[in-house]
Amino acid sequence: MVPITTFHYLVVAAALFVLGVIGVLTRRNVVIVLMSIELILNAVNLNLVAFSRMWGNLHGQVFAIFVTVDAAAEAAVGLGILIAFFRNKETINVDEIDLLKW
Amino acid sequence: MNPAMNSAVTSTMNAGMAPIATPWFFYALAGLAVASGVAVITRRNAVHAALALIVTLLSVAGLYLMLYAPFVAGVQIIVYAGGIMVLFLFVIMLVNIERSSKERQFNRMWPVGLAAACALMALFVSAFTKGRTLFPDRMISLPESSNTQQIAGMLYGEAGRMGQYTFAFEIASLLLLVAILGAVIMTKKKI
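Along each chain, numbering runs from 1 in the same order as the chain's sequence is written. The lettering of chains begins at A and the numbering of ligands begins at 1, in the order of writing. The predicted origin of the model limits local features to residues at a pLDDT of at least 70 and limits the giving and counting of side-chain atom pairs to 80 or more, whereas totals for whole chains, interfaces and linings rest on all residues.

Things to note about the overall build of chain B
Link 1 in the chain: What chain B contains, in helices and strands, is 8 helices and 0 strands.
Link 2 in the chain: Secondary structure counts use DSSP, requiring at least four H or I residues in a row for a helix and at least two E residues in a row for a strand, with both numbered from the N terminus. For chain B, the succession of helices and strands along the chain, N to C, is α-α-α-α-α-α-α-α.
Link 3 in the chain: Every C-beta atom is placed from the backbone, and the number of other C-beta atoms within 10 Å of a residue's own sets its class: buried at 20 or more, exposed at 12 or fewer, partly exposed in between. When each of the 191 residues of chain B is scored for burial, the buried share is 25%.
Link 4 in the chain: Within chain B, contacts between residues separated by at least 24 positions form 52% of all contacts whose residues are at least 6 apart in sequence. Any residue pair is listed as a contact if its two C-beta atoms, each placed from the backbone, are within 7 Å.

Remarks on the domain arrangement of chain B
All names here are of chain B.
Link 1 in the chain: An automatic or database domain assignment supplies the start and end points of every domain. Here chain B is partitioned into domain 1 (17-102) and domain 2 (143-191).
Link 2 in the chain: Inter-centroid distance (C-alpha atoms) of domain 1 to domain 2 is 23 Å.
Link 3 in the chain: With 4 residues of domain 1 in contact, the opposing surface of domain 2 contributes 4 residues.

With respect to the packing of helix α1 (residues 6-26) of chain A against helix α2 (residues 30-55) of chain A
All names here are of chain A.
Link 1 in the chain: Their axes nearest at 8 Å, the elements α1 and α2 cross at an angle of 165 degrees. Taken together, the axis directions place α1 and α2 in an arrangement best described as roughly antiparallel. Taken as a pair, α1 and α2 cross one another with a handedness that is left-handed. Contact residues: T6, Y9, L10, V12, A13, L16, F17, L19, G20, V21, G23 and V24 in α1; I32, V33, S36, I37, L39, I40, N42, A43, L46, N47, A50 and M54 in α2.
Link 2 in the chain: Charged residues are taken to be Asp, Glu, Lys and Arg, nonpolar residues to be Ala, Val, Leu, Ile, Met, Phe, Trp, Tyr, Cys and Pro, and polar residues to be all remaining types, Gly included. Class assignment of the residues belonging to the contact of α1 with α2 gives a composition of 18 nonpolar, 6 polar and no charged. Under this scheme, a helix contributes an axis fitted over its contacting stretch, all axes are lines through C-alpha atoms, and angles between N-to-C directions fall in the 0 to 180 degree range. Here roughly perpendicular refers to angles of 65 to 115 degrees, roughly parallel to angles under 35, roughly antiparallel to angles over 145, and oblique to all remaining angles. In this scheme, a crossing is called left-handed if the near helix is turned counterclockwise away from the far one by less than a right angle; it is called right-handed if the turn is clockwise.

What about the packing of helix α2 (residues 23-42) of chain B against helix α3 (residues 46-66) of chain B?
Residue and element names in this part refer to chain B.
Link 1 in the chain: Axis separation between α2 and α3 bottoms out at 8 Å; the angle between their running directions is 155 degrees. With respect to α3, the axis of α2 lies roughly antiparallel. For the pair α2 and α3, the sense of crossing is left-handed. Along its contact with α2, which presents F25, F26, L29, L32, A33, S36, G37, A39 and V40, the element α3 presents A49, A52, L53, V55, T56, S59, V60, G62, L63 and M66.
Link 2 in the chain: Counted by class, the contact of α2 with α3 contains 14 nonpolar, 5 polar and no charged residues.

With respect to the interface of chain B and chain A
Link 1 in the chain: With 75 residues of chain B at the interface, the matching set in chain A holds 63 residues.
Link 2 in the chain: When residues in the side of chain B that touches chain A are grouped by element, the largest group, 12 residues, is from helix α4 (residues 70-94) of chain B.
Link 3 in the chain: Among the residues forming the side of chain B that touches chain A, the class breakdown is 60 nonpolar, 11 polar and 4 charged.

Description of α2 of chain A
Working note: α-helix, 3.6 residues per turn, so residues spaced by three or four point in the same direction.
Residues and elements named next belong to chain A.
Link 1 in the chain: Here, expected helix span is obtained from the residue count minus one, scaled by 1.5 Å. An ideal rise of 1.5 Å per residue puts 38 Å on 26 residues; α2 measures up with 38 Å between its terminal C-alpha atoms.
Link 2 in the chain: Counting buried positions along α2 yields 22 of 26 residues, so the element is predominantly enclosed.
Link 3 in the chain: Trailing α2 by a residue or two, G56 shows a phi angle of about 75 degrees, which is positive.

Notes on the nonpolar core
Link 1 in the chain: Residues enter a nonpolar core if they are buried, belong to Ala, Val, Leu, Ile, Met, Phe, Trp, Tyr or Cys, and are joined to the set through C-beta atoms within 7 Å. A13, V31, M35, L46 and V49 of chain A together with Y64 and V72 of chain B are the most contacted members of the largest nonpolar core, which totals 77 residues.
Link 2 in the chain: Broken down by secondary-structure element, the contributors of at least two residues to this core are α1, α2 and α3 (59-89) of chain A together with α2, α3, α4, α7 (147-156) and α8 (166-187) of chain B.
Link 3 in the chain: The element that contributes the greatest number of residues to this core is α2 of chain A, accounting for 15 residues.
Link 4 in the chain: Here this core gathers at least three residues from each of two domains, domain 1 (17-102) and domain 2 (143-191) of chain B.

This is the structure we're talking about:
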């Protein structure tokens, strides 16, 4: 049995990252687009913690906590925008959000 | 890292990696994370996608435990699976999912998006196959019992001195305050 190394974690994180990118680029529902962004941030966190383990210090874990703080702020603001938009236009589809176009 | 500490770390390092769990445990968690990640981006019902995302977050928390990061795993479960996902579920309840689950789920440009994501995946594959040797096979064991204490020392400072990340920590609290204000103001009907 091959022992689990940093490389294994990087592969898992890359898979999650690509899944998140696919979700952001192809889905129409804004809620699911925001969830895909959370997937991307989680992939980055997994990379940071794996590198923290690889180098044997805790800077990566502290950075992962800061990324989590960012994710919370981003989710709150994004969902706030979504509710404000839904109140005005009755839609949550990305391709119907075109108020700034003329 | 000084040489004495280095040798101490090396002596606690064991030959393989898996002191906590077997490699099978890693493969199970990774498979669960990727499978429910696929479910997140394919489900028609947004509530199902949210539940699949919770499964992904919990299995990533398990991976953090395998990486000797119990505090980050706890933060992941409490903040992500407990806080952010409840926020998501509330918003899904507020906007009507009945109509949007009957509509077309993917936007008109989805082949382009999928092609771009495939290009990104090809980039990852080529970088990882070429750079495989950059990553050492042996991983350093971190002391698990004092993990939270050390992170607290870096965030809040220890022995009367400011920690390395104390200023960044304060800025993060300011960021959260701004995010709270923004969310409240945007969701108010009349300001």
